[in-house]
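# Per-entry structural report
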Amino acid sequence: MKILIVEDETAASENLIQMLRIMEPSAEILAVQESVSQTVDWLDSHPSPDLIMMDIHLSDDSAFAIFKQTKVTAPIVFTTAYDQYAIDSFRVNSIDYLLKPIKNADLRRALDKFHHWTAPDISAYLERMLALQPAAEPTSNYLSTLLIPNRDRLLPVQTSDIAFIYSTDKNTQVFLRSGINYTYNKTLDHIISQLNPASFFRANKQFIISREAVTEIVTWYEGRLKIILSVETPELLIVSKNKAAEFKKWLTRER
């Protein structure tokens, strides 16, 4: 069995690999991809794996963005740390849906279900997966203004004035280059899909950053990058080793 892992948290991917090696010693881990763009590139340039273990929340977008950009022909076991999704729906439309931290019994159940699938089962599964794919949004009509609720008003904020957008489990904040910040009740997945990718980059799960705000790049340990912006960030802004090359390409690309 050949397995592709799509997971942007190193500790989570290492733990999953260790569990798989114990439960499925003959399985081959083909690769670990951290982002939508990396996963699409890998799938477009390699034969399909037998199984994909896929985190839903990736560093640059929701995993469902993958299905907009390439054809996925392998069964998927979804994983996530968040339980706000319709779990029953995912279990119908995928092999299984595992909540992090993944338990041995849950992973064993998912693998057993995979082993019992026949070719007709996989064919029917791929047809159901089409229903999970969100409709593609126009890529040429990026937002130039965000309307941010502020008390009883809507504040028009020009995207060119944004330094970065920061998200935690509690809320999302838009930080302007002037230093002002506003709470914005949208997820980073939603926001990044509406911003021009030439100007904004999903650095990790917490940050979307503006190219104009990048002032310094520091080589960090284990091949990662620390990004310094023109506006102070609430926490260190780190780009993972696997995403470092993608970030450099984005920053130096002509518009």
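Now for a look at the structure at hand. Every chain is numbered independently, its residues counted from 1 as its sequence is written. With the structure being a predicted model, the display of local features is reserved for residues of pLDDT at least 70 and the display and counting of side-chain atom pairs for 80 or more, all residues being used for whole-chain, interface and lining totals. Excluding hydrogens and water, the side-chain values take into account all heavy atoms of the structure.

With that settled, consider helix α2 (residues 36-45). Of all the positions in α2, only Val 36, Gln 38, Thr 39, Val 40, Trp 42 and Leu 43 are classed as buried. Whether two residues are in contact is decided by their heavy atoms: any pair within 4.5 Å suffices. Counting from the N terminus, the helices are the DSSP runs of H or I reaching at least four residues and the strands are the DSSP runs of E reaching at least two. Contacts made by the buried residues of α2 are with β1 (2-6), β2 (28-33), β3 (51-55), α3 (65-69) and α8 (241-252). Classification of residues uses two cut-offs on accessible area relative to the type maximum, computed with a 1.4 Å probe and protein chains only: under 20% is buried, over 50% is exposed, and between them is partly exposed.

Moving on, we come to unusual backbone geometry. Look at the link from Lys 100 to Pro 101: it is a cis peptide, with omega at -5°. For Pro 101, the location among the structural elements is in the loop between β5 (96-99) and α5 (104-115). Positive phi outside glycine occurs at Glu 222, with the angle close to 60°. Among the residues examined, Glu 222 registers a relative accessible area of 63% and is labelled exposed.

Turning next to the sheet that holds strand β12 (residues 207-210). Only strands that DSSP links by at least two bridges are regarded as paired with each other. Sheet architecture is open: five strands sit in the order β10-β9-β8-β12-β11, paired in antiparallel fashion. Only two strands of the sheet have a single neighbouring strand rather than two, namely β10 (181-183) and β11 (200-202). Between one strand axis and the next, the sheet turns through 15° on average, direction left out of account. Where strand β9 (residues 172-176) lies against β10, three bridges are found, and the strand directions are antiparallel. Across the sheet, the residue bridging to Gln 173 is Thr 183, located in β10. Along the sheet, α8 contacts β11 and β12; its crossing angle with β11, the most-contacted strand, is approximately 175°. Inter-axis angles, ranging from 0 to 180 degrees, are taken between N-to-C directions of lines fitted to C-alpha atoms, where helices are fitted over the stretch in contact.

Let us now look at the nonpolar core. Ranked by internal contacts, the top residues of the largest apolar core, which has 22 residues, are Ile 52, Met 54, Ile 66, Phe 67, Ile 76 and Phe 78. Only β1, α2, β3, α3 and β4 (76-80) provide two or more residues apiece to this core. No other element matches the four residues that α2 contributes to this core. Excluding residues within four positions of it along the chain, Ile 52 makes contact with Leu 4, Val 6, Leu 43, Val 72, Ala 74, Pro 75, Ile 76 and Val 77. As used in this record, nonpolar core signifies buried Ala, Val, Leu, Ile, Met, Phe, Trp, Tyr and Cys residues forming a set joined through side-chain atoms within 4.5 Å. Of all hydrophobic cores here, the second largest spans 19 residues; its members include Tyr 166, Leu 229, Leu 237 and Trp 250.

Pairing of aromatic rings covers Phe, Tyr and Trp, the last through its six-membered ring, and needs centres within 6.5 Å; plane angles under 30 degrees mean stacked, over 60 mean edge-to-face, and all others mean tilted. Tallied over the full model, the rule gives seven aromatic pairs. Each ring, one from Phe 201 and one from Phe 247, has its centre 5.5 Å from the other, and the planes form 65°; the classification is edge-to-face. Highlighted residues: Phe 201 in strand β11 and Phe 247 in helix α8, separated in sequence by 46 residues. Comparing Phe 201 with Phe 247 shows no difference in burial state: the two are buried.

So, on to the pattern of salt bridges. Any carboxyl oxygen of Asp or Glu that lies within 4 Å of a side-chain nitrogen of Lys or Arg is treated as forming a salt bridge with it. Scanning all chains against the criterion turns up 10 salt bridges. A salt bridge links Arg 108 to Asp 112, with the nearest nitrogen and oxygen atoms 3.1 Å apart. Of the two residues, Arg 108 and Asp 112 both sit in helix α5, four residues apart, roughly one turn of that helix. Given the relative accessible area of 34%, Asp 112 is considered partly exposed. Each member of the salt-bridge network shares a partner with another, and the members are Glu 7, Asp 8, Glu 9, Asp 55, Lys 100 and Lys 205.

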